[in-house]
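Topology and contacts: notes
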Amino acid sequence: MKRTITTLADGRELLYFDTDDAAVHPQRDPRTLPSVSTASQLRLDPLLDEWVMMAAHRQDRTFQPPEESCPLCPSGPGRQTEIPSPGYTVAIFENRFPSLSAGADPDPAGSGHSLVPVRPGHGRCEVVCFTSDHHARFADLTTTHAALVVDALADRTAECSTLDSVEQVFCFESRGAEIGVTLGHPHGQIYAYPFVTPRTRRMQEVARAYRDRTGGDLHTDVVAAERAAGARLVAETAHWVAFVPAAARWPVEVHLYPLRRVKTIPELTAGERWDFATLYLDVLRRLDRLYDAPLPYIAAWHQGPVRDEEDLGHLHLQLFSVRRTADKLKYLAGSESGMGAFVTDALPEDTARRLREV
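Judged by pairing direction, the sheet is antiparallel, and its three strands sit side by side in the order S4-S3-S6 without closing on themselves. Lying at the two open borders of the sheet, with one neighbouring strand each, are strand S4 (50–54) and strand S6 (118–120). Averaged over all pairs of adjacent strands, the angle between strand axes in this sheet comes to 30°, irrespective of strand direction. Two strands pair when backbone bridges link them, and strand S3 (residues 41–45) and S6 are joined in this way by three bridges, in the antiparallel orientation. In the strand pairing of S6, Leu42 is matched with Arg119.

With that settled, consider the side chain of Asp275. Its location among the elements puts Asp275 in helix H4 (residues 270–288). In this structure Asp275 is buried but unpaired, with Arg227 as the nearest side chain of opposite charge at 10 Å. Here the side chain of Asp275 touches Thr237 through a polar contact of 2.5 Å, side chain to side chain. For Asp275, the contacting residues outside a window of four places in its chain are Thr237, Ala238, His239 and Trp240.

Let's shift gears to the pattern of salt bridges. Under the definition given, this model contains 33 salt bridges. Taking the shortest distance from any N to any O, the salt bridge between Asp288 and Arg175 comes out at 2.6 Å. Of this pair, Asp288 sits in helix H4 while Arg175 sits in strand S8 (residues 168–175), and the two are 113 residues apart along the sequence. The residues Asp288 and Arg175 share a single accessibility class, namely buried. Here Glu178 and Arg323 are joined by a salt bridge, their closest N and O atoms 2.8 Å apart.

Quick look at the sheet that holds strand S11 (residues 240–243) now. Within the open sheet, the 11 strands sit side by side as S1-S2-S5-S7-S9-S8-S13-S14-S12-S11-S10. Their pairing is antiparallel. Unpaired on one side and paired on the other, strand S1 (2–7) and strand S10 (233–236) mark the two borders of the sheet. Here the strands of the sheet are splayed against their neighbours by 20° on average, with no regard to which way each runs. Of the pairings in the sheet, the one linking S10 to S11 comprises three bridges and is antiparallel in character. Paired with Leu233 across the two strands is Phe243, which belongs to S11.

Below, the discussion takes up the pairing of strand S13 (residues 297–302). Taking burial as the measure, the six residues of S13 include five buried ones, the bulk of the element. Pairing of S8 with S13 involves four bridges; the strand directions are antiparallel. Residue pairing across strands places Phe172 opposite Ala300, the latter belonging to S13.

Moving on, we get to the nonpolar core. Ranked by size, the top nonpolar core spans 54 residues in total, and within it Phe138, Leu256, Ile265, Tyr280, Leu287 and Trp301 carry the most contacts. No other element matches helix H1 (residues 143–160), which puts nine residues into this core. If you look at the next biggest cluster of nonpolar residues, it comprises 13 residues, including Leu8, Leu72, Cys73 and Ile83.

Conventions adopted
Residues numbered from 1 in each chain as written. Predicted model: local features only at pLDDT ≥ 70, side-chain atom pairs only at ≥ 80, totals over all residues. Heavy atoms only, no water. Pairing = 2+ DSSP bridges. Helix = DSSP H or I, 4+ residues; strand = E, 2+ residues; numbered from the N terminus. Axes fitted to C-alpha atoms, helices over the stretch in contact; angles between N-to-C directions. Buried < 20%, exposed > 50% of the residue type's maximum accessible area, 1.4 Å probe, protein only. Lys, Arg positive; Asp, Glu negative; His and termini not counted. Salt bridge = Lys/Arg side-chain N within 4 Å of Asp/Glu carboxyl O. Polar contact = N/O pair within 3.5 Å; in protein donor to acceptor, adjacent residues only side chain to side chain. Contact = heavy atoms within 4.5 Å. Core = buried A, V, L, I, M, F, W, Y, C linked by side-chain atoms within 4.5 Å.

Encoded structure:
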């Protein structure tokens, strides 16, 4: 993998990742850009003990532009985008409208509430452009190209984990207008949080209690039980397994686990990364054959926190969709939104069977 680092006109970092060592990209962004907002802050919800990111400047971010104005396409004559190069394989740059940034105001205005402390919104947010092809899907990538994306995520996870105040790195893709995507170009994002996220904290609490009670590793035992049951397996390779979890919350939900326990993407070997790319592309293509149109989804990498002294992290990818039938979406209604108590519209065994059959 060749990595090329440059900066955009407003000082944000841009990185190109290529499989071709001879690849060359422009080192200059000719645009004139305003400074990136540094107004992000964190406020603690005292009822849940959870940090909430406040980033009012994101109201002005680019929203579903026409293809000719897509900021993630390569630049060309008379058209300058976030990617100065006329072509690229994988490109990653600091978000122009970040929820978190290294330059966040170190002394944000207080909330005026004695139980709601306020912190600077320190961290980093990056945009991951999977391909220069505006009309492609991740599922359209070759295995070589998909493995390069995994290598790029490993690179960014390792580097973001060294930043001051960063406690967790989250890599993800959101696809489809139904999910709320604001840019149609195939891309993902990386959030480097200055706290451990609520979902990860809860998974760690449960894993800790399970280890104290049984002496085992919860994630390892869950994977072993799914492989033994077989009814919810979608596909398996030499290094990875994909299954619909027995207590799936979403109409379509697949978890991908490495068979060797690791905590973060950088820990994966080259063979494991290639094997993941093979399996992931297979699963994505199955998802897109469920209905007549590509499935909207979120692909969320669950990595262990930067400081995991208790050794509780277990890397896995959660892939899920809000589409419950060809023409219906699952909305988070009263029970889900108000109480966080999910009502699932499809049996996991039926979903797994359909994915195997397609």
